[in-house]
Amino acid sequence: MQRNGPEGGEILQRTKKIGAKEHLVVVLSIAKYELLISNIRYPLRVVSRFLGPLVWVVPFLLFGKAILGGSTSETLYELTGISHMPTFILVGTIITLVSFNMLWLMAFAIRLESFRGTFESIYACPVSKFDFFLGKLVASTIWSSFYIIGLLVLGVMFLDVQLAWSRAPDAIIIMILLFFAMFGFGLILAGTILVYKESHTILHFVDGLFSLIVPMAYPLEVLPIAIQKISLSLPMTQAVLAARNVLIRDESLLMQGTSIAILSCYIFILIPLGYVFYNYMERKAKKRGVLHKY
Amino acid sequence: MNDIMPLNERVKGELFATLYVLKKEIKLWKRYPSRILFMLLMPFLSILTLYFQGQALVGETQSEAFESFAGTQDYLVFIILGSALFIFVSTAIWGIGNAIRREQMMGTLESIWVAPVSKFTVFMGIALFDGLFSIYIAFMQLLFSSIILPVNLMVPQMGVVMGLTFLLIFALYGLGFFFTGIVLLFKEIEDFTNLINQTLRMITPVSYPLSVLPAPVAFLALFIPLTYALEGARGYLGVGPYRSLEYYVVILIIFDIVMIVAGGAIFDYAEKRARRRGDIATH
């Protein structure tokens, strides 16, 4: 006998519960699809992806060089205890770039499929949307690893950037925390874009706003107090501060208690919240009939 | 059918089509009002980012080191003017350059392609919209900067700067046609457009003078009209070195002619190739 749901539609037979291994297969398949198929199909994207980080970071360095006439700043030293401008900027921009990249790929995930004409197929797949998003995040992390290596090589070879390399494992732990903290953030943005569309505008704006308030190319101290407080509540800011302390000041990870606590809060609070929010926005999109619309 | 129409009727028809494209673009922007807010705030955000970086590195809006590179200590005015003129480059690349891809994504490319008007008429409508929109955004940016930051750029000399910008726009339309051709050939171009946009910003004197760039990169900037428009505009306002107004006008007119002809030729080639390969409507 046919059973009806609360909105009158037929309740479909549930698919069988899948285990962790199957979830992993889905996540990796999505990551592979995002990394290989969508890039190889459009070769210009590969060029853009490799050169993009460079043209993003270099203007900050050149502007710094133009106003300093060199690479050290007394004002920066008074504010942060770090005088070498390229080292300060490079660590900040790498962390910010990685977090933006994660945010972009996750939040734009749905919209991109919609443009590619593959949204309906993916939506109808009997897999969790969260595996889908996680797959996108994994792809973004793999891309980001290339960025990090490339920019660090550039910094060491051409900019005399000197980092506490023995602290690299501490920095990797910070990046892992950032990875999960951005997942909740990305879910909220993806849900918003599902209903309100115009993903480019929202994402470019969020990107621009975060570029301003995250202490990427300057310390927090130069921002107005109110903006400093907002910035300190962001996971990217905490990751930038912790990474600078670890990699430039040679501090241990254990000394980054505040940053780790805030990043952990994002992981334990924002991921469940993002999950609930995304489901709510998906229901809203279905009710309005805008799920598949442009 | 167009070939047997009298010339004046045909010109009238093309003009009407241009205005209808303009109307369509305005309608589209009204449909997504958040875009206007975004365009208004984004260039200002990039100015503020550099302003704060300057505060962190030298603690004020003047820098002696900057004078040795740019001929002026006032780096803030330098970047505000650079950012305002760069808006025209961005809108030309994103607007005209991506017009085809946008129509394709919206499912309206085929209708536009088979309309009995010249493709350049369609692009002129988009270009007209982009030009007007850029003027509005650049003006608002200069106004905001003059209100919030310690600079005053609402001065009568801005009329001449607008004249130079007007000459720059035509060269940028040529660049837009070139991009349209690239879109036809390579499809998925958003990331690439973003890269070109950022690269142009990096290698032209938008936020810093050419002299801080490595020589080969600075040499490339000499083939980009924005370099001359920026030098002329800044020099006329007394921010940096200056030759003569006539020099910049002549250079920009040469760029206009060369870039429109070259951009048009590349678009023609790309369109013919896409038609032959049956690529026009494919994603």
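This structure is a prediction, so every number in the text was calculated from the model and none was measured.

How each quantity is defined
Residues numbered from 1 in each chain as written. Chains lettered and ligands numbered in written order. Predicted model: local features only at pLDDT ≥ 70, side-chain atom pairs only at ≥ 80, totals over all residues. Heavy atoms only, no water. Helix = DSSP H or I, 4+ residues; strand = E, 2+ residues; numbered from the N terminus. Buried < 20%, exposed > 50% of the residue type's maximum accessible area, 1.4 Å probe, protein only. Contact = heavy atoms within 4.5 Å. Salt bridge = Lys/Arg side-chain N within 4 Å of Asp/Glu carboxyl O. Polar contact = N/O pair within 3.5 Å; in protein donor to acceptor, adjacent residues only side chain to side chain. Nonpolar A, V, L, I, M, F, W, Y, C, P; charged D, E, K, R; others polar. Expected span 1.5 Å × (residues − 1). Phe/Tyr/Trp six-rings, centres within 6.5 Å; stacked < 30°, edge-to-face > 60°. Lys NZ or Arg CZ within 6 Å of the ring centre and 35° of its normal. Patch = residues over 30% accessible without salt bridge, like charges linked within 9 Å, V, L, I, M, F, W, Y side chains within 5 Å. Areas by Shrake-Rupley, 256 points an atom, 1.4 Å probe, with all protein chains shown as cover.

A. The overall build of chain A, seen in detail. Within chain A, the regular secondary structure consists of twelve helices and zero strands. The helix and strand sequence of chain A, counted from the amino end, reads α-α-α-α-α-α-α-α-α-α-α-α. Relative to its full complement of 294 residues, chain A shows a buried share of 55%. Within chain A, counting contacts between residues at least 6 apart in sequence, those at least 24 apart form 76% of the total.

B. Representation of the interface of chain A and chain B in the model. Chain A puts 46 residues into the contact, and the matching count from chain B is 44 residues. For the interface between chain A and chain B, the tally reads zero salt bridges. Counting across the interface, chain A meets chain B through seven residue pairs in polar contact (both at pLDDT 80 or more). Put simply, the parts of the chain that give the side of chain A that touches chain B at least two residues each are helix H2 (43-68), helix H3 (74-80), helix H4 (85-107) and helix H9 (199-213) of chain A. The element best represented in the side of chain A that touches chain B is H2(A), accounting for 20 residues. Looking at the side of chain A that touches chain B, its residues break down into 30 nonpolar, eleven polar and five charged.

C. Spatial organisation of helix H7 (residues 129-158) of chain A. All names here are of chain A. Here H7 is 30 residues long and its end C-alpha atoms lie 43 Å apart, about the 44 Å a rise of 1.5 Å per residue gives. Its side-chain oxygen placed 3.0 Å from the backbone nitrogen of Phe130, Ser128 serves as the N-cap of H7. Positioned one or two residues after H7, Asp160 has a phi angle of 55 degrees, which is positive.

D. Focus on the packing of aromatic side chains. With the rule as written, the count across this model stands at 28 aromatic pairs over all chains. With a centroid separation of 5.2 Å and 80 degrees between ring planes, the pair formed by Phe219(B) and Phe223(B) is classed as edge-to-face. An aromatic cluster is present here, built from Trp56(A), Phe60(A), Phe100(A), Phe185(A), Phe210(A) and Tyr266(A) joined pairwise through their rings. The aromatic ring of Phe78(B) is capped on one face by Arg234(B), whose charged end is 3.4 Å from the ring centroid.

E. Expanded view of a nonpolar patch on the surface. All names here are of chain A. Judged by side-chain polarity, Val47, Phe50, Leu51, Leu54, Ile142 and Phe146 come together as a nonpolar surface patch covering roughly 500 Å² of accessible area. Taken together, the elements giving at least two residues each to the nonpolar patch come down to H2 and H7. For the nonpolar patch, the element with the most residues is H2, which contributes four residues. Looking at the secondary structure, you find Ile142 in helix H7. Residue class for Ile142 comes out partly exposed when judged on its relative accessible area of 37%.

F. Examining unusual backbone geometry more closely. Residue and element names in this part refer to chain A. Even without a glycine there, the phi angle at Asp160 is positive, about 55 degrees. The residue Asp160 is located in the loop between H7 and helix H8 (168-196) in this model. Phi is positive for Asp250, which is not a glycine, with a value near 60 degrees.

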